[in-house]
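Fold and geometry: a report
Each chain is listed here by its residues.
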Amino acid sequence: MLAKRIIPCLDIKDGKTVKGINFLGLKDVGDPVELGRKYAEEGADELVYLDISATNEGRKTFAELVTRIAENINIPFTVGGGLSSLEDAGVLLRAGADKVTVNSAAVRRPELIDEIAAKYGNQFVVVAIDAKQIDGRWVVTTNGGKKPSERELFTWAREAQERGAGEILFTSMDHDGTKNGYPCETFARLADLLSIPVIASGGAGSVQDIADVLTRGRADAALAASIFHYGEIPIPVLKRELHKMNINVRL
Amino acid sequence: MIAVIDYDTGNLRSVENALRRLGGEFVVTDNPAVIRSADHVLLPGVGEASSAMAKLRERGLAEVIPTLTQPVLGICIGMQLMCRRSEEGDAECLGIFGADVLKLPGGEALKVPHMGWDTVKWDGAPEGVSARPSPLFNGLESGAYLYYVHSYAPTLCGDTVAVTSYGVPFSAVLQRDYFFGTQFHPEKSGAMGERILKNFLEL
């Protein structure tokens, strides 16, 4: 049976992990490759690396880093952050990334999804959507949640799928960082609407939160950062607990 | 020396990286002489079956591959091309394995592509397939999780040595003489995948 996936997300700035502490036995917790390898050994099903460098120099460092990740990590990994063109996607593919995420750039120019999917395949494009509720409506935002767009979550997710997205990575900006759990009804509605996998991101504070979004929210995967980086819920503990709750995970 | 067959169907980097991690010496080549003289041959591949077959034929490799006598491993599309035919682009394939490649049916809660970690079983003659212990599984237990990304899959046949079910049971691993194929991606399947590649390279 296809397993629900657990995906740690690593934020990278100028080639170093931004969060990421409290790991015994790691030579360099700032090294994205070492941290990724540690997660892979612990049972992470995939990894996501997001570049949050604001400078061109930082972006160049990131592409070099992707090459090193591909050489050293033996599970699939996705990279993203600021990706804005087909050329950017090509650079990351050739560096060895299994998938890329597109976010703000696709909101501004949705054809980017079609272009990447046509050239590199649907499985290569993950469309990340950041949205928040404004007057009861889920509004898609850009620039890390700062800028509301004209788009609405459900129609945009559907459009992204039709344009060739292989997966949707949805973050509720109302829940991100709160550790109060995910908006499960919203995730369930996305699952109803879409025929591609949905990855839940933003809001996990406990094993129960993740269990809820994978069952009630019918998400295919859960992505989290701080609960793993700060060692609050180690991946092996999380997976064993999910398994006890009869959720199908790879042990 | 391992020959990784390059027939211009996309990214071979993850296979190359996996071989490097295992310390295997390899060449990426479409040269029939180099392929014939290799100790092991890998046929990777991403992309679409009929165009991939056309590229094998253009390079004269469609005649070479079925006549190889050293261990040959096809991965994902590579394995599909070693079957009789594929529904994808209605392609006639190499005919090494007795399976046909069909589109996954999908359905309610069964999204296509089948993507992620799924269980591969070889114990207990699943679904009427005669279970034969494959050397690829040395050190592994039936039911291991391996990583898949595919929309088409080979049917069950006399060469099936492991099965995964996704709506329908399909051949997860095929084996005939020294020809092997995996529908999953061992190069992306963590420690289990590395073990399968290592088992292959030790043949």
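Everything discussed here concerns the structure shown above.
Residues numbered from 1 in each chain as written. Chains lettered and ligands numbered in written order. Predicted model: local features only at pLDDT ≥ 70, side-chain atom pairs only at ≥ 80, totals over all residues. Heavy atoms only, no water.

Before going further, it helps to examine the overall build of chain A. Helices and strands together make up the secondary structure of chain A, namely ten helices and eleven strands. The C-alpha radius of gyration of chain A comes to 17 Å, within 12% of the 18 Å expected for a compact globule of 251 residues. Projected onto its principal axes, the C-alpha positions of chain A cover 45 × 45 × 35 Å. Relative to its 251 residues, chain A shows a buried fraction of 59%. Considering only contacts in chain A between residues 6 or more positions apart, those separated by 24 or more positions represent 64%. In the form shown here, chain A has an accessible surface area of approximately 10200 Å², with 48% of it arising from carbon and sulfur atoms. Charged side chains in chain A number 31 positive and 35 negative. The centres of these two groups are separated by 1 Å. (Helix = DSSP H or I, 4+ residues; strand = E, 2+ residues; numbered from the N terminus. Rg over C-alpha atoms; globule rule 2.2 N^0.38 Å. Buried < 20%, exposed > 50% of the residue type's maximum accessible area, 1.4 Å probe, protein only. Contact = heavy atoms within 4.5 Å. Areas by Shrake-Rupley, 256 points an atom, 1.4 Å probe, with all protein chains shown as cover. Lys, Arg positive; Asp, Glu negative; His and termini not counted. Charge placed at Lys NZ, Arg CZ, Asp CG, Glu CD.)

On to the interface of chain A and chain B. With 32 residues of chain A in contact, the opposing surface of chain B contributes 21 residues. Buried surface at the junction of chain A and chain B, both sides included, amounts to about 2100 Å², of which 51% is carbon and sulfur. Area buried by chain A at its contact with chain B is led by A:Leu2, A:Asn74 and A:Arg250, which between them contribute 29% of it. Counting across the chain A and chain B interface gives two salt bridges. B:Lys188 is the partner of A:Asp98 in a salt bridge, and the nearest nitrogen-oxygen pair spans 2.8 Å. Inspection of the chain A/chain B interface yields 17 residue pairs in polar contact (both at pLDDT 80 or more). Every element with two or more residues in the side of chain A that touches chain B is listed here: helix H2 (56–72) and helix H3 (86–95) of chain A. Sorting elements by how many residues they give to the side of chain A that touches chain B places H2(A) first, with four residues. Of the residues that constitute the side of chain A that touches chain B, the class distribution is 15 nonpolar, seven polar and ten charged. (Buried area = accessible area lost by both parts, 1.4 Å probe. Salt bridge = Lys/Arg side-chain N within 4 Å of Asp/Glu carboxyl O. Polar contact = N/O pair within 3.5 Å; in protein donor to acceptor, adjacent residues only side chain to side chain. Nonpolar A, V, L, I, M, F, W, Y, C, P; charged D, E, K, R; others polar.)

The next thing to look at is the packing of aromatic side chains. Enumeration according to the criterion identifies eleven aromatic pairs over all chains in this entry. Their ring planes at 50° and their centres at 5.0 Å tell us that A:Phe170 and A:Phe187 sit as a pair that is tilted. Placement of A:Phe170 in strand E9 (residues 167–172) and of A:Phe187 in helix H7 (residues 184–193) is noted, with a sequence separation of 17 residues between them. A:Phe187 shares its class with A:Phe170; the two are buried. Pairing B:Trp122 with B:Phe137 gives two aromatic rings, centres 3.8 Å apart and planes at 10°, and the pair type is stacked. Placement of B:Trp122 in the loop between strand E8 (114–120) and strand E9 (144–150) and of B:Phe137 in the loop between E8 and E9 is noted, with a sequence separation of 15 residues between them. Per residue, the accessibility class of B:Trp122 equals that of B:Phe137, and both read buried. Members of the aromatic cluster, each reached through a chain of ring pairs, are A:Trp138, A:Phe170, A:Tyr182 and A:Phe187. The positively charged end of A:Arg250 is found above the aromatic ring belonging to B:Trp117, 3.6 Å away from the centroid. (Phe/Tyr/Trp six-rings, centres within 6.5 Å; stacked < 30°, edge-to-face > 60°. Lys NZ or Arg CZ within 6 Å of the ring centre and 35° of its normal.)

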